[in-house]
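# Structural overview for review
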Amino acid sequence: MVNRLIEPTSGRILIDGRDISKDDPIALRRRIGYVIQQTGLFPHQRIGENVAVVTRLLGWSRKRQRERTDELLTLVGLDPARYRDRYPSQLSGGERQRVGVARALAADPPVMLMDEPFGAVDPIVRERLQNEFLRLQEQLAKTILFVTHDIDEAIKMGDLVAVMQQGGELAQFGPPDEILARPATDFVARFVGADRGLKRLSLSRVGDLELQTAVTAHPGDDAEEARRRTLADPFRYLLLTDDDHRPIGWVDQDDIPRSGVLTEALAIPMSPLVSRRTTLKDALSMMLAADVVAGIVVDRTGRVLGLVTVESIAAAMRPPDRGVGAATDGSGPDAARRLAAELAARDDQELGRTEATRA
Amino acid sequence: MPEREPLIRWDWLADHTDDSAERLVEHIWLTVIAVAVGFVISFVLALVAIRRGRTYGPITAATGILYTIPSLALFAILVPITGLSVLTAEIALVGYTLLILIRNIVAGIQGVPRDVIEAAEGMGFGTATRLIRVELPLAVPVIVAGLRIATVTTVGLVTVAALIGQGGLGKLIDDGLSRRFSTLYITGAVLSVALAILADGAFVLLQRVLTPWARARAAR
């Protein structure tokens, strides 16, 4: 409907404040990138010609078309020299889908429509294309209307998700985290699934949480002093680190000698190491696998930044309406809520992607 | 006992190559005109049928009836109107190409994958641009298949045009039969068959040239 392949029976569609029903449909479509599930590449044209289709319709010079084509093929990760002169039938499904994205980007349209763009490829390729596309979008910053039947894809790809239910009714519209945390209707709750709590975990990263400080000491430090500090902390373990503040291992408060100095021999195997970029889902999964309650957050050089605990993850996931009390006790603002606010702000700057989910 | 006349008198044939060649050229022209005019008419009718779906039934029904009329009967109907002319011959010959060509052009264009059409529309192709740049190139294999059948059929039918004095290889066959001179009718028949095979081969080549993408698929 946005590119007027179907005309609305009522209501208006605005792009940049302009009512599209007043635009020439052909000109409108040339300004909107369009990606569909089966790619719709022209089998009789080479990859280069396929990518250049819209620029050719717009009457660009041959030289400019060619430069743009090579630029786009490179952008989607296909070597122009290798792919330019092939036919679509000589490409794999994933490669074809990339060409479809390159073609849609040809005239640098401000708005893109993607209709189940990754629906026809196998799950492994889909995952890779999704990740690549998210990275691409960070550079492109386009407004994208993305249609999918896969709620996980919607949550992963979207800054804003519109859940549509049978009969074309809008069931809920909001940031992914809000859809998962506070489904507006039973339909949405069923649609996002009973594991929506787990799904939310992959939306936030360790860096979104307020990290807990660990009690640390170096080998050679006075044991009694370290023991006293550990006893004063609610967490019963002391983290032994080297001179560069890299973790060596844990020492249980009961195992800290009452005199002498700390030695590396006291340390027991470490918790998993995570970075600020690790998703809460991965962090939790690592902790469960290692049978521990805390993960050590390290920076790029491996130095300890703090701890993430099962409890802090659970606190962050608490529904905002019930979690207010927990959030005001000084442990920092609710990470999920902050994320949602950030996303909304980004959308205001028109940098956001919009995503629609069809049920 | 008199020596029996041989099936083919090569010496006679050698003396009369000019005559045979002339008939062959006539035959080729009658065929080319019939197929070319038939294709143009079919193309227009096919586009009408595609744009206005309701007309497809009546168009195929009418050309279908035309197709079933025996050629001799059609000549008999036309001669009082258009005389013993090229026009009479061509009207009949063109008429027989329509059904096959229209069906194949329509099938070819409608056989273009739905997603390709949707993508073309979504990217801002107008109807004409889409037809020329997308639909026709993709319909080439089916359209050429129709042209092959229509051409081979026409080459055979042109021999009948000799009956209304339009020459062609049919004249050789006709003369040969009436004079009981086997060399003539065998020559006419063999040339006609050879022409049909060559024309068919030419279309196969044409298709290969027009659809390099189809071979790319096979080579994968």
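Bear in mind that the values here come from a model prediction, so they are computed numbers and not experimental data.

### Focus: the packing of helix H6 (residues 93–105) of chain A against helix H7 (residues 123–140) of chain A
All names here are of chain A. The contact between H6 and H7 brings their axes to 11 Å, and the two run at 20 degrees. Compared by their axis directions, H6 and H7 come out roughly parallel. In this structure, H6 crosses over H7, and the sense of that crossing is right-handed. Judged by residue contacts, Gly 94, Gln 97, Arg 98, Val 101 and Leu 105 of H6 engage Val 125, Arg 128, Leu 129, Glu 132, Phe 133, Leu 136 and Leu 140 from H7. For the contact of H6 with H7, a count of residues per class yields seven nonpolar, two polar and three charged.

### What about the sheet that holds strand E12 (residues 294–298) of chain A?
Residue and element names in this part refer to chain A. Across the sheet, three strands lie side by side as E11-E12-E13; this open sheet has mixed pairing. Two strands in the sheet have a free side with no partner beyond their single neighbour: strand E11 (273–274) and strand E13 (304–309). Two elements, E11 and E12, share two bridges in a ladder whose sense is parallel. The residue of E12 that forms the bridge with Leu 273 is Ile 296.

### Considerations on the sheet that holds strand E8 (residues 216–217) of chain A
Residues and elements named next belong to chain A. Ordered by their spatial adjacency, three strands build an open sheet running E8-E9-E10, and the pairing between neighbours is mixed. Each edge of the open sheet is held by one strand with a lone partner, namely E8 and strand E10 (247–252). Pairing of E8 with strand E9 (residues 237–241), which is carried by two bridges, proceeds in the parallel orientation. In the strand pairing of E9, Thr 216 is matched with Leu 239.

### Section: the domain arrangement of chain A
Domain annotation for chain A reports domain 1 (14–196 + 346–358) and domain 2 (208–315). The gap between the C-alpha centroids of domain 1 of chain A and domain 2 of chain A is 43 Å.

### Notes on helix H7 (residues 127–158) of chain B
Over its 32 residues, H7 of chain B extends only 38 Å from the first C-alpha to the last, a length that falls short of the 46 Å expected when each residue adds 1.5 Å. Of all the bends found along H7 of chain B, the most pronounced is centred on Val 140 of chain B and spans about 55 degrees, while Pro 141 of chain B, a proline, follows it within four residues.

### Digging into empty space enclosed by the protein
Residues and elements named next belong to chain A. Under the definition given, this model contains one cavity of 30 Å³ or more. The volume enclosed by the largest cavity comes to roughly 60 Å³. Lining the largest cavity are 13 residues, with Arg 30, Ile 32, Gly 33, Val 54 and Ala 104 sitting closest to its centre. Elements supplying a minimum of two residues to the lining of the largest cavity: helix H1 (25–30), strand E3 (32–36) and H6. Element by element, the count of residues in the lining of the largest cavity is highest for E3, at three residues. Class assignment for the residues of the lining of the largest cavity results in eight nonpolar, one polar and four charged.

### A closer look at unusual backbone geometry
Residues and elements named next belong to chain A. Even without glycine at this site, Asp 16 takes up a positive phi of about 50 degrees. Along the polypeptide, Asp 16 turns up in the loop between strand E1 (14–15) and strand E2 (18–19). A relative accessible area of 65% means that Asp 16 is categorised as exposed. Here Thr 39, not a glycine, exhibits a phi torsion of approximately 70 degrees, which is positive.

### A short note on the pattern of salt bridges
All names here are of chain A. This structure, assessed with the given rule, holds 24 salt bridges over all chains. A salt bridge links Asp 23 to Arg 18; its shortest N-O distance comes to 2.3 Å. Owing to a relative accessible area of 10%, Asp 23 belongs among the buried residues under this scheme. Exposure remark for Arg 18: the relative accessible area of 48% places this residue in the partly exposed category. A salt bridge links Asp 152 to Lys 199; the nearest nitrogen and oxygen atoms lie 3.5 Å apart. With Asp 152 in helix H8 (residues 151–157) and Lys 199 in helix H11 (residues 196–201), the pair connects residues that are 47 residues apart, well separated along the chain. Taking relative accessible area as the criterion, Asp 152 reaches 41% and is therefore assigned partly exposed.

### Remarks on the nonpolar core
The nonpolar side chains of soluble globular proteins are, as a tendency, buried together. Judged by nonpolar contacts, the single largest core of 33 residues is most densely connected at Ala 92 and Leu 147 of chain B. Looking at this core element by element, the count peaks at eleven residues for helix H5 (residues 86–110) of chain B. The residues touching Ala 92 of chain B, leaving out its near neighbours within four places in the chain, are Leu 74, Phe 75 and Leu 78 of chain B. Ranked by size, the runner-up nonpolar core spans 28 residues in total, among them Leu 41, Val 51, Met 112 and Val 125 of chain A.

### Topic: the interface of chain B and chain A
With 21 residues of chain B at the contact, the number on the chain A side is 25 residues. Summing both partners gives a buried area of about 2100 Å² for chain B against chain A, and 65% of it is carried by carbon and sulfur. Where chain B packs against chain A, one counts four residue pairs in polar contact (both at pLDDT 80 or more). Looking at the side of chain B that touches chain A, the elements with two or more residues in it are helix H6 (114–122), H7 and helix H10 (212–219) of chain B. Considering each element in turn, the side of chain B that touches chain A owes the most residues, seven residues, to H6 of chain B. Considered class by class, the residues forming the side of chain B that touches chain A number eleven nonpolar, four polar and six charged.

What counts as what
- Residues numbered from 1 in each chain as written.
- Chains lettered and ligands numbered in written order.
- Predicted model: local features only at pLDDT ≥ 70, side-chain atom pairs only at ≥ 80, totals over all residues.
- Heavy atoms only, no water.
- Axes fitted to C-alpha atoms, helices over the stretch in contact; angles between N-to-C directions.
- Helix = DSSP H or I, 4+ residues; strand = E, 2+ residues; numbered from the N terminus.
- Parallel < 35°, antiparallel > 145°, perpendicular 65-115°, else oblique.
- Left-handed = near helix turned anticlockwise from the far one by under 90°.
- Contact = heavy atoms within 4.5 Å.
- Nonpolar A, V, L, I, M, F, W, Y, C, P; charged D, E, K, R; others polar.
- Pairing = 2+ DSSP bridges.
- Domains from an automatic or database assignment.
- Expected span 1.5 Å × (residues − 1).
- Bend = angle between axes of the 7 residues up to and from the residue.
- 1 Å grid on protein atoms, 1.4 Å probe; cavity = no way out; pocket = protein on both sides within 12 Å on 5 of 7 lines; lining within 4 Å.
- Points joined across faces, edges and corners; volume = space filled by probe spheres on them.
- Buried < 20%, exposed > 50% of the residue type's maximum accessible area, 1.4 Å probe, protein only.
- Salt bridge = Lys/Arg side-chain N within 4 Å of Asp/Glu carboxyl O.
- Core = buried A, V, L, I, M, F, W, Y, C linked by side-chain atoms within 4.5 Å.
- Buried area = accessible area lost by both parts, 1.4 Å probe.
- Polar contact = N/O pair within 3.5 Å; in protein donor to acceptor, adjacent residues only side chain to side chain.

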